[in-house]
Amino acid sequence: MIQQEQNYRVILNNCKGKELEIARYLHIITGMEEHEARKIVSNLPIILFESLDGEVCSYIEEAFDFYGIKYKMEPVDEWYDIPEYPSKQVIALGLMVDYIGQGTDYANIARKFDFKINGNLRQTPFLVKDGLSEKQAVELKQELRNMGMSAQVIRSSSEIQAIKKRSLLGVLFSK
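Rules used throughout
- Residues numbered from 1 in each chain as written.
- Predicted model: local features only at pLDDT ≥ 70, side-chain atom pairs only at ≥ 80, totals over all residues.
- Heavy atoms only, no water.
- Buried < 20%, exposed > 50% of the residue type's maximum accessible area, 1.4 Å probe, protein only.
- Helix = DSSP H or I, 4+ residues; strand = E, 2+ residues; numbered from the N terminus.
- Pairing = 2+ DSSP bridges.
- Phe/Tyr/Trp six-rings, centres within 6.5 Å; stacked < 30°, edge-to-face > 60°.
- Salt bridge = Lys/Arg side-chain N within 4 Å of Asp/Glu carboxyl O.
- pLDDT = per-residue confidence, 0-100.
- Axes fitted to C-alpha atoms, helices over the stretch in contact; angles between N-to-C directions.
- Parallel < 35°, antiparallel > 145°, perpendicular 65-115°, else oblique.
- Left-handed = near helix turned anticlockwise from the far one by under 90°.
- Contact = heavy atoms within 4.5 Å.
- Nonpolar A, V, L, I, M, F, W, Y, C, P; charged D, E, K, R; others polar.

### A word on the pairing of strand 6 (residues 149-156)
Next up, step 1: The element strand 6 is extensively covered by neighbouring structure, given that eight of its eight residues are classed as buried.
Next up, step 2: Pairing analysis gives eight bridges linking strand 4 (residues 87-95) to strand 6, with the strands arranged antiparallel. By the bridge assignment, serine 87 is partnered in strand 6 with serine 156.

Next comes the structure, spelled out in structure tokens:
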């Protein structure tokens, strides 16, 4: 069980064929280049992080459990106060259910939450939307879950962006 106030060392032991997904996830949450993340996950076992706060470790734990990989989180002798972050972001981890019309449902969610469609829903994980309030992020995560996707809400340092209703013409000409 991850304690929010404690720091952890994160060790990645085996990706079990999910190297690409883990590299993409590391790219999203750390901002490192995807090719660097691919090098990291191809040299296992490896210590991914020496000292991460408990909140970030809980995000990583959720994603790693979703992908079914082998990892270890060891407490380190540091305690950390997590600063306040102004907004949240939502990351799509992957499809749990696949059905005809899923792309249309995703397009409707994109219009509702004012974000561009990110191509193929099967190329996960990907950042869905950044700069959401806590309430908006939880609502978006639930909408994605309703359409058969696993998603997670994580903290973000971005400013909260207002969700604007887009007209049909605005949607058509934004591409």
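### Some words on the packing of aromatic side chains
Next up, step 1: Under the definition given, this model contains four aromatic pairs.
Next up, step 2: Each ring, one from phenylalanine 64 and one from tyrosine 71, has its centre 5.4 Å from the other, and the planes form 65 degrees; the classification is edge-to-face.
Next up, step 3: Looking at phenylalanine 64, the relative accessible area reads 0%, which means it is buried.
Next up, step 4: A centroid spacing of 5.2 Å and a plane angle of 75 degrees characterise the contact between phenylalanine 66 and tyrosine 67, whose relative ring orientation is edge-to-face.
Next up, step 5: Exposure remark for phenylalanine 66: the relative accessible area of 31% places this residue in the partly exposed category.
Next up, step 6: Judged by its relative accessible area of 8%, tyrosine 67 falls in the buried class.

### Observations concerning the pattern of salt bridges
Next up, step 1: Following the criterion strictly, the structure yields eleven salt bridges and no others.
Next up, step 2: Lysine 112 is the partner of glutamate 143 in a salt bridge, and the nearest nitrogen-oxygen pair spans 2.6 Å. Residue glutamate 143 is located in helix 5 (residues 134-146), and its partner lysine 112 is located in helix 4 (residues 102-113); the two are separated by 31 residues in the primary sequence.
Next up, step 3: The partly exposed category is assigned to lysine 112, whose relative accessible area is 34%.

### Some details on the confidence of the model for the protein
Regions with low pLDDT carry predicted coordinates that are not meant to be interpreted in detail.
Next up, step 1: The predicted model of the protein averages 88 in pLDDT, with 89% of residues at 70 or higher.
Next up, step 2: At the level of individual helices and strands, the protein shows its lowest average pLDDT in helix 6 (residues 168-173), which scores 53, and its highest in helix 5, which scores 96.

### Focus: the packing of helix 1 (residues 19-30) against helix 3 (residues 54-67)
Next up, step 1: Two elements in contact, helix 1 and helix 3, have axes whose closest approach is 11 Å; the angle formed by their N-to-C orientations is 160 degrees. By the angle class used here, helix 1 and helix 3 are roughly antiparallel. The handedness of the crossing between helix 1 and helix 3 is right-handed. Facing Glu21, Ile22, Tyr25 and Ile29 of helix 1, the residues of helix 3 in contact are Tyr59, Ile60, Ala63, Phe64 and Tyr67.
Next up, step 2: Partitioning the contact of helix 1 with helix 3 into residue classes produces eight nonpolar, no polar and one charged.

### So, the sheet that holds strand 1 (residues 6-14)
Next up, step 1: Read across the open sheet, the three strands follow the order 2-1-3; overall the sheet is antiparallel. With partners counted over all chains shown, the strands left at the sheet margins are strand 2 (46-53) and strand 3 (70-79), one partner each. For this sheet, the mean inter-axis angle between neighbouring strands, taken without regard to orientation, is 20 degrees.
Next up, step 2: Relative to strand 2, strand 1 is paired through five bridges, and the arrangement is antiparallel.

### A closer look at the sheet that holds strand 4
Next up, step 1: Taken in spatial order, the three strands make up an open sheet running 5-4-6, and their pairing is antiparallel. Of all strands in the sheet, those with a lone pairing partner are strand 5 (126-132) and strand 6, marking the two edges. Here the strands of the sheet are splayed against their neighbours by 20 degrees on average, with no regard to which way each runs.

### Side note on the packing of helix 1 against helix 2 (residues 34-41)
Next up, step 1: Interaxial distance between helix 1 and helix 2 falls to 8 Å at its minimum, and their mutual angle equals 130 degrees. Classified by the interaxial angle, the pair formed by helix 1 and helix 2 is oblique. Where helix 1 crosses over helix 2, the handedness of that crossing is right-handed. When helix 1 is examined against helix 2, the residues Glu19, Leu20, Ile22, Ala23, Arg24, Leu26 and His27 are found in contact with a partner set consisting of Glu34, Ala37, Arg38 and Val41.
Next up, step 2: Tallied by class, the residues present in the contact of helix 1 with helix 2 amount to six nonpolar, one polar and four charged.

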